[in-house]
Structure formats: structure tokens, C-alpha cells
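# A look at the structure
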Amino acid sequence: MSKILTKFLLVLSILTLCCNTSIARGFDFKAKASNGIYIFYKIISIPDRTIEVSFNNRKPSSYEGFIEIPDTVKYKDVTYTVTAIGDSAFYNCYELNGVRIPATVTSIGESAFDASRIRTVEFSEGLKFIGDFAFRQCTQLQDVNFPNSLERIGKGAFIFCSNLYELNITNN
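What comes next concerns the included structure. Note that this is a predicted model, so its numbers are computed, not measured. All residue numbers refer to positions counted from 1 along the written sequence of the respective chain. Two thresholds apply to this predicted model, a pLDDT of at least 70 for residue-level local features and 80 or more for giving and counting side-chain atom pairs, whereas whole-chain, interface and lining totals are computed over all residues. Water and hydrogen atoms were dropped before computing side-chain values, which therefore reflect all heavy atoms in the structure.

## Overview of the packing of aromatic side chains
Stacked, tilted and edge-to-face are the three classes applied to pairs of Phe, Tyr and Trp rings, where Trp contributes its six-membered ring and a pair requires centres within 6.5 Å; stacked means planes under 30 degrees apart, edge-to-face means over 60, and tilted covers the rest. A full pass over the atoms with the stated rule returns 12 aromatic pairs. Taking the centre distance of 5.8 Å and the plane angle of 75° together, the rings of Phe146 and Phe158 count as edge-to-face. Taken together, the residues Phe146 in the loop between strand E11 (143–145) and strand E12 (152–153) and Phe158 in the loop between E12 and strand E13 (166–168) connect sequence positions 12 residues apart. As far as burial versus exposure is concerned, Phe146 and Phe158 are alike and both buried. An aromatic cluster of at least three residues, connected via ring pairs, comprises Phe27, Phe40, Tyr63, Phe90, Phe113, Phe123, Phe135, Phe146 and Phe158. Over the ring of Tyr38 we find Lys30, and its NZ or CZ is 4.5 Å from the ring centre. In our convention, an over-ring charge means Lys NZ or Arg CZ found within 6 Å of a ring centre and within 35 degrees of that ring's normal. Looking at Arg136, its charged tip hangs above the ring of Phe133, at a distance of 4.5 Å from the centre. Runs of H or I in DSSP of at least four residues are treated as helices and runs of E of at least two as strands, each being numbered from the N terminus. Exposure is judged per residue with a 1.4 Å probe applied to protein chains only, and the accessible area is read against the type maximum: over 50% gives exposed, under 20% gives buried, and values in between give partly exposed.

As C-alpha cells, then:
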């Protein structure tokens with residue numbers, strides 16, 4: 001009985017370690033963007049083939065320049081659709097100047113761009129939700145044009161954006 005229990009606990013420990021690897025890393029895989037910068041992704045749903053932009057906690061603030069997030073990404077011969085920007089995905093990215101978000105992205109997570117030095121953000125029609133504190137402390141951000149599809153902006157989403165002088169909201 002003791003040998004069986006020991007083997008069971010060993011197998012359980014190995015499975016737990018393997019299953020939590022993406023949690024420890026913050027991402028499941030990375031792929032090069034059009035400008036050559038790696039973007040990190042976390043799989044949301046394997047059956048739906050959806051992913052979100054994530055972060056690399058081994059090297060925080062690893063994004064730089066202008067990033068155009070693709071609407072789809074191929075990984076291990078499977079094409080995934082990018083449907084979200086995850087919580088803290090671009091947190092504290094001092095070298096990030098701007099981002100273009102595709103129409104497939106419907107949500108931006110909590111603190112997604114918090115404390116980054118982003119200057120421009122280009123939303124596409126399809127975005128429905130901007131999370132709490134998503135752009136907090138983005139002191140270089142100057143103006144924002146919201147798409148007609150936007151339904152909700154979370155609390156404090158643009159708080160402490162000291163240079164933000166224009167928010168363009170449609171009649172929606």
C-alpha cells in the first residue's frame with residue numbers, strides 16, 4: 001500500500017509541476033511580430049483556438065517600440081485568434097511607444113498597460129471592454145479614440161495619465 005501511495009504522490013507532483021509551468025512563466029509561447037519583436041501569448045481555449053497577449057515574467061518590461069498585434073498567430077501548426085490583451089501584459093514597459101490592436105481583440109485586461117510609456121494606442125472596431133486601471137500612469141499618452149463597439153471602461157482605466165488631453169467618444 002505504501003509503495004502505491006508513494007508512486008501516486010510522485011505522479012501527482014509531476015503533473016502539478018507540468019500543469020503550472022505556464023502560470024510561473026506568464027505565457028505559453030512566443031511569436032515574432034511584424035517588426036521582429038517577440039510577443040508572448042497565453043492560450044485561453046484550445047477548442048476555440050483563442051489566445052491573449054501575455055507577459056514574460058522572466059524579463060518584465062520586455063516590449064519596446066511600436067507593436068502591431070496580429071489578429072492570428074500560428075503555433076505548432078495551429079492558427080489561434082488573438083481575442084484579448086491579458087492582465088498586466090504590458091505593465092511597466094518603459095520602452096513601449098505604441099500599439100495597434102486588431103479587431104479580433106474584444107477585451108483589454110486589468111492593468112494591461114499600467115505604468116508603461118505608451119504614447120499611442122490604436123483601437124479597432126470589435127473592442128468591447130477596457131479593464132480596471134488598464135492605462136493607469138501612462139504619462140506619455142496624449143489622446144485616445146474609442147471605437148463604436150466599446151461597451152465598458154473599467155474604473156480608473158486612465159487615471160494618472162497626466163498628458164492625456166483628449167478622449168474621443170462616439171455617439172454610441
